[in-house]
Structure formats: structure tokens, C-alpha cells
Amino acid sequence: MIEAALAFLSGTLIGSFLNVCIHRWPRDLSVVWPGSHCVTCGHGIAWYDNIPLLSYVVLHGRCRHCLAPVAWRYPVVELLTGLAFAVCAWRWGISPLAAKFMLFAAMNVGMIFADYETRLLPDEFTKGGIWIGLGLAVLIPFEAGAAPVVAEVLRWWSLPAAQTVAAGIAGPLVFFGALGLVFRSRCKECLRQVRWYDNIPLLSRILLHGRCRYCRAAINWSELPFEAMAAMGVALSSMWLFGPPGVGMQPFSGVELPKWALSLLESALGAGIASLALWMTGWLMTRIKKKEMLGFGDVKMVGMMGAFLGLGQAMVAIALGNFMGLVLGGGWMLWRGKDTSSYYLPLGSFLGIAAIGVALL
Ligand SMILES: [Zn+2]
Ligand SMILES: [Zn+2]
């Protein structure tokens with residue numbers, strides 16, 4: 001009980017800092033300098049007017065100097081972060097696991113309000129969160145999840161029959177895939193040389209949003225089959241390589257992955273597959289609706305959720321967030337008569353709510 005209360009207090013302090021991040025990161029401002037000031041009159045805020053929750057109540061939600069109202073978001077973020085911290089401490093005690101989920105919840109609160117206010121998801125939360133999530137997966141290993149499933153799939157592939165088929169297909173695929181790569185060594189529009197890291201089958205197309213790095217011209221779709229073949233070829237030949245005796249070369253036979261490596265794999269799978277799934281959904285919807293349906297910020301945010309939660313929980317959170325966005329957000333737009341062709345739903349806000357729910361409850 002006392003732990004939860006202490007966690008609540010430190011949560012409100014973190015929430016106070018989050019408020020600064022939510023305001024400044026989307027505007028590309030520093031969160032350290034200058035110090036807290038009123039966004040209306042620019043007057044500096046003294047420490048005794050900057051106490052989480054309390055100062056808002058004492059000052060009746062107004063600036064001490066110009067009496068301009070302080071946005072309701074400030075106390076709400078402090079309260080929510082405090083509550084999330086209290087739940088973490090109550091569930092996991094004062095432990096590394098609790099700290100991990102406190103950080104996760106705080107970053108999601110930040111993203112919920114940043115996306116709601118600015119329709120922007122700062123890279124500090126999304127990209128930064130992916131790296132932090134991967135690092136924490138090593139330090140505080142996951143219990144179980146998708147990684148054993150992948151191991152199971154690899155075991156199935158090591159059946160001789162599957163491997164014979166794989167080896168038969170892999171050779172030609174690699175050949176044609178490599179041939180396809182040669183054709184894309186120069187951009188057809190600006191004729192610039194494509195660097196090797198922009199020439200990785202499928203992956204580069206996704207990372208470059210299907211456009212040339214220099215002139216932004218669309219990369220020709222006719223090369224997609226070649227890229228798919230190359231990617232599949234690499235995948236299949238690696239299966240062949242790691243197969244059973246007599247067929248595969250078995251460089252890792254008898255090697256048990258340590259717990260941290262399985263956990264890192266889980267985290268990386270979560271980040272990779274979750275963001276790929278959302279990116280493909282967005283791509284499909286954009287094709288159907290002829291309108292940009294979701295930003296790349298959402299894709300990176302989902303990657304961050306996957307890195308922290310692992311594949312299984314992240315997919316539950318994504319499904320829940322999309323469902324809420326569709327039902328609550330869509331319903332609200334209909335009710336208020338918003339124009340669906342120009343109004344953008346803050347999908348990141350719904351995803352953030354779902355992520356906190358799945359992680360803490
Ligand atoms: Zn003021
Ligand atoms: Zn170009």
C-alpha cells in the first residue's frame with residue numbers, strides 16, 4: 001500500500017515532465033532548456049507553482065501571472081501517470097519488472113496526448129522506445145511468447161521432405177532475385193547510384209516508403225516479384241542450411257538459446273511483425289480509400305509496443321486499439337458529422353490506451 005502511494009507520487013512527477021515533452025518534442029524544442037514557463041505569457045514558473053496536481057488545484061487551473069487557463073491536459077497527464085505507476089507497484093512490487101512497465105505506461109501516456117493534440121508521435125517515444133524495449137528484453141527476460149513458436153516452425157522445416165522442396169526452390173529464387181537486384185542499381189528517374197543498403201529486397205522498399213531516397217520517385221512495382229523471390233530464396237536456403245544431418249549443415253546443432261537471447265528474439269519479433277502488420281494494413285487501406293490512412297509514426301509506435309510487450313501481447317493491443325479507433329473514433333466522427341475525407345483520427349491515442357490496458361491489467 002505504501003509502495004503504491006510512493007509510486008503514485010513519483011508517477012505524478014514523471015507526468016509533470018511528460019507534459020513538457022508532449023508540448024515540446026512535436027515542436028522540435030529542447031525539454032531541458034528553457035525551464036518551465038507559461039505558454040501564454042512566457043513568465044517562468046516557480047517550483048512551488050509546479051507541484052504536480054496540487055498547484056493546479058491551488059491556482060484554480062490558471063497562470064499566477066496572466067491568469068490564462070492552464071490546459072486540462074496538465075493535471076490529467078500527471079494523474080494518469082501517477083495511477084499507472086501505482087498499479088505497477090501494486091502488481092509487481094518495487095521490482096525491475098514494475099519499473100519496465102512504469103516506463104512503458106509513461107511513454108504511452110506521452111504518445112496518447114501528443115498524438116491527440118498534434119497528430120504527431122515524437123521519435124523520442126517511438127524510435128527511442130523500440131531501442132529501450134529491445135535493451136530491456138535482454139536485462140529483464142520475457143517469460144514465454146512467440147519465440148518458442150518460431151523454434152517450432154524451424155523444427156518443422158528441418159523435416160527432410162520440406163527441405164528437399166525448399167532447396168529445389170531456393171536455388172532458382174536466389175538466382176532470379178539477384179538478377180532483379182542488378183536491374184535496380186540505378187534510380188530510373190534521377191539516375192543516381194542506389195546504395196547497397198537501399199537495395200535490400202523488400203526491406204528497403206518498406207524503409208524508403210517505396211520511393212527513391214534522392215528524388216522521391218516511386219520505385220517500379222515490376223521489380224517486386226524479383227525482390228519477393230530473393231527474400232524467399234534467402235529464407236528458404238537458410239532453412240536448408242540449418243536442417244537435420246544429411247540435408248542441412250547444422251552449425252547450431254545441440255545449442256540451446258540462453259534465456260536472454262530468446263527474450264531478445266521475442267522482443268525483435270514483436271517490434272518487426274507488429275509494425276509490419278500495421279504498415280501493411282495502412283498500405284491496403286490507402287489503396288482502397290485513396291487517402292493516407294495512417295502515418296509512419298503509428299507504425300513506429302506499434303514497433304515500440306512490440307519491443308516492450310513481445311509479439312503476442314502487442315498484437316492484442318493493436319487489435320484492441322484499432323477496434324476502439326473504429327468504434328469509438330468512427331462513432332464520434334459520425335455523431336459530430338466530421339468529414340471522413342479530411343478529418344484524421346489520432347490512432348496513436350487509441351493504440352496507447354490499449355497498450356496500457358493490455359500491459360497493466
Ligand atoms: Zn501566464
Ligand atoms: Zn531517384
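Engineer: I'm lost on the overall build of the chain in this one. Help?
Structural biologist: Helix and strand content of the chain: twelve helices and zero strands. Written out in order from the N terminus, the α and β elements of the chain read α-α-α-α-α-α-α-α-α-α-α-α. A total of 361 residues make up the chain; the buried ones form 34% of that total.

Engineer: What's the story with the packing of helix α4 (residues 96-118) against helix α12 (residues 347-360) in this structure? I'm lost.
Structural biologist: Packed helix pairs are specified by the crossing angle of their axes together with the interaxial distance, meaning the distance between the axes. Contact pair α4 / α12: the axes reach a minimum separation of 7 Å and the direction vectors enclose 160°. Viewed along their axes, α4 and α12 adopt a mutual orientation that is roughly antiparallel. Classified by chirality, the crossing of α12 by α4 is left-handed. Here α4 contributes F101, F104, A105, N108, M111, I112, D115 and Y116 to the contact with α12, which in turn contributes G348, S349, G352, I353, A355, I356, A359 and L360. Here the residues of the contact of α4 with α12 are counted per class, giving eleven nonpolar, four polar and one charged.

Engineer: How should I be thinking about the environment of V316 in this particular structure?
Structural biologist: Tracing the backbone shows V316 in helix α11 (residues 296-335). You can call V316 partly exposed: it has 15 C-beta atoms within 10 Å. Once the C-alpha coordinates of V316 and A355 are considered, the two residues, 39 residues apart in sequence, prove to be 8.6 Å apart.

Engineer: Where do I start with the packing of helix α10 (residues 259-289) against α11 in this structure?
Structural biologist: Close contact between α10 and α11 brings their axes to 6 Å; oriented N to C, the two are set at 115°. Classified by the angle between their axes, α10 and α11 sit roughly perpendicular to one another. Crossing hand, α10 versus α11: right-handed. Of the residues belonging to the contact of α10 with α11, the class tally is 15 nonpolar, six polar and three charged.

Engineer: How should I be thinking about the environment of A137 in this particular structure?
Structural biologist: With respect to the secondary-structure elements, A137 resides in helix α5 (residues 123-139). For A137, a count of 25 C-beta atoms within 10 Å gives the class buried. Sequence separation of A137 and K259 is 122 residues, and the distance between their C-alpha atoms is 9.9 Å. Setting aside residues no more than four positions away along its own chain, A137 makes contact with F142, S263, L264, E266, S267 and A307.

Engineer: Any chance you could explain the nonpolar core here in plain terms?
Structural biologist: The nonpolar side chains of a soluble globular protein tend to be buried, and buried together. With 67 residues, the main nonpolar core has A84, A105 and M305 as its most contacted residues. Take this core: its biggest share by element is 13 residues, from α11. Here this core spans two domains, and each of domain 1 (1-92) and domain 2 (95-145 + 261-361) adds at least three residues to it. Non-local contacts of M305, meaning those with residues more than four positions away in its chain, are made with A274, A314, A317 and A355.

Engineer: Before we go on, may I ask you to explain the confidence of the model for the chain in this structure?
Structural biologist: Close reading of the predicted structure is inappropriate where its pLDDT is low. Per-residue confidence for the chain gives a mean pLDDT of 83, with 81% of residues at or over 70. Of all helices and strands in the chain, the one with the weakest mean pLDDT is helix α6 (residues 146-157) (62), whereas helix α3 (residues 73-92) scores best (96).

Engineer: Whenever I open this one, α12 confuses me. Can you help?
Structural biologist: Because an α-helix completes one turn every 3.6 residues, residues spaced three or four positions apart along the sequence face the same direction. With 14 residues, α12 should cover 20 Å at 1.5 Å per step; its first-to-last C-alpha distance of 20 Å lies within 8% of that length. With twelve of 14 residues buried, α12 lies mostly within the body of the structure. Among all positions in α12, only L347, G348, S349, F350, L351, G352, I353, A354, A355, I356, V358 and A359 are buried. Buried residues along α12 sit against α3, α4 and α11.

About the thresholds
- Residues numbered from 1 in each chain as written.
- Chains lettered and ligands numbered in written order.
- Predicted model: local features only at pLDDT ≥ 70, side-chain atom pairs only at ≥ 80, totals over all residues.
- Helix = DSSP H or I, 4+ residues; strand = E, 2+ residues; numbered from the N terminus.
- Buried ≥ 20, exposed ≤ 12 C-beta atoms within 10 Å, placed from the backbone.
- Axes fitted to C-alpha atoms, helices over the stretch in contact; angles between N-to-C directions.
- Parallel < 35°, antiparallel > 145°, perpendicular 65-115°, else oblique.
- Left-handed = near helix turned anticlockwise from the far one by under 90°.
- Contact = placed C-beta atoms within 7 Å.
- Nonpolar A, V, L, I, M, F, W, Y, C, P; charged D, E, K, R; others polar.
- Core = buried A, V, L, I, M, F, W, Y, C linked by C-beta atoms within 7 Å.
- Domains from an automatic or database assignment.
- pLDDT = per-residue confidence, 0-100.
- Expected span 1.5 Å × (residues − 1).

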